[in-house]
Amino acid sequence: MRHAPADPRTDRTLLVTGAAVAAAGTAARAEAVAVRGDRIVHVGTAEDARAALGGRADETLELDGGLVHPGFVDAHCHPVMYGQALAWVDCRPERVPDIDTLVAVLSEAARDLPAGVPVRGFGYEHRRLAERRHPTCHDLDRIATDREVYVMNASGHGGVVNTHTLHACGITAGTPDPDGGSIGRFESGEPDGQLWDAACDRLTGPAGVKIGNHGPNFHLSEPDDIMADHLLRAQETFLAAGVTTVGDAQASRREMETYLRARESGALRMRVSAYLTSALLDVALDLGVVHGFGDDLFRVQGVKFYADGTLGGWTAYFPEGYAADCCHHGQLYHSAEEYAEIVRRAHAAGLQTATHAQSPFAIGMVLDAVEKAQADVPRADMRHRIEHCGLPTDEQITRMAGLGVVPVMQPQHHLRTGDGTLTAIGDLGHRYNPAGPCLPAGVPVVFSSDAPVAPPAPLEAVSAAATRRTVLGTVLGDASLRLPVADGLHAHTAAAARALHRERSVGSLAAGLLADFVVLDSDPLDADPSELASIGVRETWIGGSRAWAAPGR
C-alpha cells in the first residue's frame, strides 16, 4: 500500500518550553505546549509534550521565563473602523484638552493634505474638553471652509462637521431628524454641526453604506487599497496586544469586502467573526447566512442590533431623563414592538443576535424580546448577546442567566468615561459595567475593547474590572461590583470565545484547540491588579505560527 506524503502544513511540529503555561481550566501552570500543524496536541510537562510529538520537534520555541497564555479574544470591536481612526488625526483627551487645541491639531493636518481632501479626526470627548461642550461647525470652519472637516466623538456614534459639509450634505434648519438619529442645532434652529447615529448616513454619499435606524453610521467609504491599509494597521495593533480573535460588532458591505479581499490575498492575520448590521438582516436571511458561515479564519457569526444609544453621547435611553438634564432622554432605535419582531425573525432562523443596550430600559427591552422569541420557537444554546450591557439591574442579571443571554462588557469604558457617566446619570453611574454580580448569578460575562472607542488592551480591561478606578481616580461602586483578575482573564479568553461560538477552537490552551497563544512578560495572577496594564506582550502566535513579535525579538 502506498502512503500519501506528509503535508508540511499539517504535519509540522512545534514545541514551546521555557515558560509557565496557563493550561485550560486551572490556575496551575504547565511546563510546555506541543503543536502539530495548527493544533495543540498536548499541554503538560516538557517530557510529555515531547513524547506527544513522537520525539520530533521541527521547531522549538525556547523561552526565557514569562507566561504562555491563551490568545486574547476581543468579542466586540470594529477593526476596520479602528484602522481608519488610527489614520485620522488623534483628538483624544490626552492630546486635545480644549477646542482651541482641537482646531490647531486639525489645522496642522490640513496644511499637509492636498486640496479638497477631507480633514478627519477621531476621539474627542466633549465632557473632558475644557469648555465642557461639543465643538460646533463654526469652530471647525476655522480649519477649512473649502472641504469636509469631520471630527468623530470617542463614542463612534457621531461627531461634528464644518459648515461646508453641512451645505454639501444638504442639511439646513428645515432638515428633520431622521429615525434613529439626530442633528444638533443652535437655539436659532440652525444646524450646529453635530450629526448622530442615522444622521451620519448623509456623510457616506449617494452610493455609500446606509444604516438608517439600525445603528450608527461610521462606514465612510475609501478606495480599496486605503481600506486594506486600515485593516493592516488595525491588525498590527491587535496582535501587539496579544489579541488573536475578534468579533467585528457591526459589519456592513464595506467591512465584508475588506475582509474578503484580505482573506483572498493572505493579508488577514487574525481570526474574525463578523456580526452583520441589522440593516442587512433580510439579505442574511434570504441567503441563509446562519449558523456560523465561514471557516476558522473568517466567518459570519450573527447579526448586530441596536436598542438604545450611547452613554458617552447621552443617547442611551432613560425615560425619566438624565440626572444632568431631566428633559433629555436619549433615544431608542426601534419601538419595542419593531425590535421584538426583528429579534423573532433572526432567532427563528437560528441566527445569533448581538444587541447594543446600555440603559436598564433598553436591556429590559432586549430580554423581553429574547424571552418571547424563545417561547415562540424554542432553540437551545443560542447565546444571544447584549453588547455593552452597561447598567443592568440585579433582576435583569438573573433573567440573563435563565435565558442564556451573554453580556459583552467593556471595562475600559468605565475606566475612561466613568466620571462623565456619573455626571450624566447620577449615582446610577457607580453601577456601570457590574461584572462582579454576573458570575454568582451564573451569567458568563465577556470582556472586549469596542476599539476604536478604547484601544485593544486586554490586560488594561481586566485591571479596570478588578479595581473599578477611573482615569481621574474615582472608584465606582463597592467591592461587590469588581471582578477578580482570574475571572477577568477568563472573560477575555474562553468566555469571549464562547460568546462567538468558537470555544471548540480558541480561547484556551488544550489538546485539539488551535495553537493561538501569547507570550507575556509575567503572570497576571502574580501582579497587583492595578499594575496589569504594564505587563508586556513579547510574541503573539496564531495557528502555531508567529504572527507578531516585540521589536528586538
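The structure under discussion appears in the preceding block.
The shown structure was predicted, so the numbers you read here are calculated from the model rather than taken from an experiment.

> Break down the layout of surface pockets for me, with residues and values.
Estimates place the volume of the largest pocket at around 850 Å³. Along the wall of the largest pocket there are 44 residues; nearest its centre are His126, Arg127, Gly312, Gly313 and Trp314. Of all elements in the fold, only β13 (181–185), β14 (191–197) and α13 (411–425) reach the threshold of two or more residues within the lining of the largest pocket. Examining the composition of the lining of the largest pocket, we find that seven residues originate from one element, α13, more than from any other. A breakdown of the residues in the lining of the largest pocket according to their chemical character gives nine nonpolar, 24 polar and eleven charged. Ala23, Gly25, Thr26, Ala486 and His490 are, among the 18 residues lining the second largest pocket, the residues nearest its centre. Looking at the lining of the second largest pocket, the elements with two or more residues in it are β7 (67–70) and α15 (485–491). Take the lining of the second largest pocket: its biggest share by element is four residues, from α15.

> Describe unusual backbone geometry, and please don't skip the residues or the numbers.
Of note, the bond from alanine 451 into proline 452 is cis; its omega dihedral lies within 30 degrees of zero at 15°. Locating proline 452 in the fold gives a position in the loop between β22 (446–447) and α14 (458–467). One non-glycine residue with positive phi stands out, namely aspartate 197, at about 55°. When you line up the elements, aspartate 197 lands in strand β14. You can call aspartate 197 buried: its relative accessible area is 0%. Although it is not a glycine, aspartate 450 adopts a positive phi angle of roughly 65°. Relative to the elements of secondary structure, aspartate 450 occurs in the loop between β22 and α14.

> Report on the environment of glycine 390, specifying residues and quantitative values.
With respect to the helices, strands and loops of the structure, glycine 390 is situated in the loop between β20 (385–388) and α12 (394–403). Considering only alpha carbons, one finds glycine 390 and leucine 332, 58 residues apart in sequence, at a separation of 15 Å.

> Give a detailed account of the sheet that holds strand β24 (residues 537–542), specifying residues and quantitative values.
Ordered in space as β3-β2-β7-β23-β24-β25, the six strands form an open sheet in which the pairing is mixed. Unpaired on one side and paired on the other, β3 (29–30) and β25 (545–549) mark the two borders of the sheet. Relative to β24, strand β23 (residues 517–520) is paired through four bridges, and the arrangement is antiparallel. Opposite valine 518, over in β24, you have threonine 540 as the bridge partner.

> Quick one: what's the story with empty space enclosed by the protein, residue by residue and with numbers?
Enumeration according to the criterion identifies two cavities of 30 Å³ or more in this entry. Approximately 90 Å³ is the volume attributed to the largest cavity. Along the wall of the largest cavity there are 14 residues; nearest its centre are His78, Ser155, His157, Phe218 and Asp450. Class assignment of the residues belonging to the lining of the largest cavity gives a composition of five nonpolar, seven polar and two charged. Taken as a whole, the second largest cavity holds about 30 Å³ of empty space. Around the second largest cavity sit Met81, Gln84, Ala85, Trp88, Phe122, Met152 and Phe218, which together line it. A total of three residues in the lining of the second largest cavity trace back to one element, the largest contributor, which is helix α3 (residues 79–87).

> Mind laying out the environment of proline 70, listing which residues take part and the relevant values?
Mapped onto the elements of the fold, proline 70 is located in strand β7. On the basis of relative accessibility, which here comes to 7%, the residue proline 70 falls in the buried class. Along the sequence, proline 70 and phenylalanine 298 sit 228 residues apart, while their C-alpha atoms lie 19 Å from each other. With sequence-adjacent residues up to four places away left out, proline 70 is seen in contact with Ala22, Thr493, Gly507, Ser508, Leu509, Asp516, Phe517 and Val518.

> Residue-level account of the sheet that holds β13, with values.
Overall, mixed pairing links the six strands, which are arranged β9-β10-β11-β12-β14-β13 in an open sheet. The sheet is open, and its two borders are formed by β9 (89–90) and β13, each paired with just one other strand. On top of the sheet, helix α4 (residues 99–111) reaches β9, β10 (119–124) and β11 (149–153); it is set at about 145° to β10, its chief contact.

> Could you give an account of the packing of aromatic side chains, with specific residues and numbers?
The tally for this structure, following the rule as stated, stands at nine aromatic pairs. With centroids separated by 5.0 Å and ring planes inclined at 70°, the aromatic side chains of phenylalanine 318 and tyrosine 322 adopt a geometry described as edge-to-face. Under the relative-accessibility criterion, phenylalanine 318 is labelled buried at 3%. Taking the relative accessible area as the measure of exposure, tyrosine 322 reaches 2% and is therefore buried. Look at phenylalanine 517 and tryptophan 541: their rings are 5.5 Å apart centre to centre, the planes differ by 10°, and that puts the pair in the stacked class. Separated by 24 residues along the polypeptide, phenylalanine 517 in strand β23 and tryptophan 541 in strand β24 bring together distant segments of the chain. When its relative accessible area of 1% is taken as the criterion, phenylalanine 517 is described as buried.

> Break down α3 for me, citing the residues and quoting the values.
α3 sits mainly inside the fold: seven of its nine residues count as buried. Regarding α3, the residues found buried are Pro79, Val80, Met81, Tyr82, Gly83, Gln84 and Ala85. On its buried side, α3 packs onto β8 (72–77), β10, β11, α7 (224–240), β15 (243–251) and α8 (253–265).

> I'd love a proper account of the pattern of salt bridges, names of residues and values included.
Under the criterion given, the structure shown has 33 salt bridges. In this structure, glutamate 59 and arginine 12 form a salt bridge, with 2.4 Å as the shortest nitrogen-oxygen distance. Here glutamate 59, found in strand β6 (residues 59–62), pairs with arginine 12, found in the loop between α1 (8–11) and β1 (13–17); they are 47 residues apart in sequence, far enough to count as distant. A salt bridge links arginine 147 to aspartate 146; the shortest N-O distance between them is 3.8 Å. The exposed category is assigned to aspartate 146, whose relative accessible area is 52%. Here the salt bridges share partners, and the residues they tie into one network are Asp11, Arg36, Arg56 and Asp58.

What counts, and at which threshold
Just so you know, the residues in each chain are numbered from 1, in the order the chain's sequence is written. Given that the model is predicted, a residue must reach a pLDDT of at least 70 before its local features are reported, and side-chain atom pairs must reach 80 or more before they are shown or counted; all residues, however, enter totals for whole chains, interfaces and linings. Here the side-chain values reflect all heavy atoms present in the structure, with hydrogen atoms and water set aside. Both site types are read off a 1 Å grid over the protein atoms alone. A 1.4 Å probe that fits but cannot get out defines a cavity, while an open set with protein on both sides within 12 Å along at least five of seven lines defines a pocket; lining residues have an atom within 4 Å of a point. Grid points are joined across faces, edges and corners, and a volume is the space filled by probe spheres set on the points. Strands are runs of DSSP state E lasting at least 2 residues, helices are runs of H or I lasting at least 4, and numbering of each runs from the N terminus. Residue type decides the class: Asp, Glu, Lys and Arg count as charged, Ala, Val, Leu, Ile, Met, Phe, Trp, Tyr, Cys and Pro as nonpolar, and the leftover types, Gly among them, as polar. Accessibility here uses a 1.4 Å probe with only protein chains present; expressed as a share of the type maximum, an area under 20% marks a residue as buried, one over 50% as exposed, and anything in between as partly exposed. One requirement defines pairing of two strands: DSSP has to find at least two bridges between them. When checking whether two residues touch, look at their non-hydrogen atoms; a contact exists if any pair is within 4.5 Å. A fitted line through C-alpha atoms serves as each axis, taken over the contacting stretch for helices, and the angle formed by two N-to-C directions is quoted from 0 to 180°. Side-chain rings of Phe, Tyr and Trp, where Trp is taken by its six-membered ring, are said to pair if the distance between their centres is within 6.5 Å; with planes under 30 degrees apart they count as stacked, over 60 as edge-to-face, and otherwise as tilted. Salt bridges are defined by distance alone: a side-chain nitrogen of Lys or Arg within 4 Å of a carboxyl oxygen of Asp or Glu.

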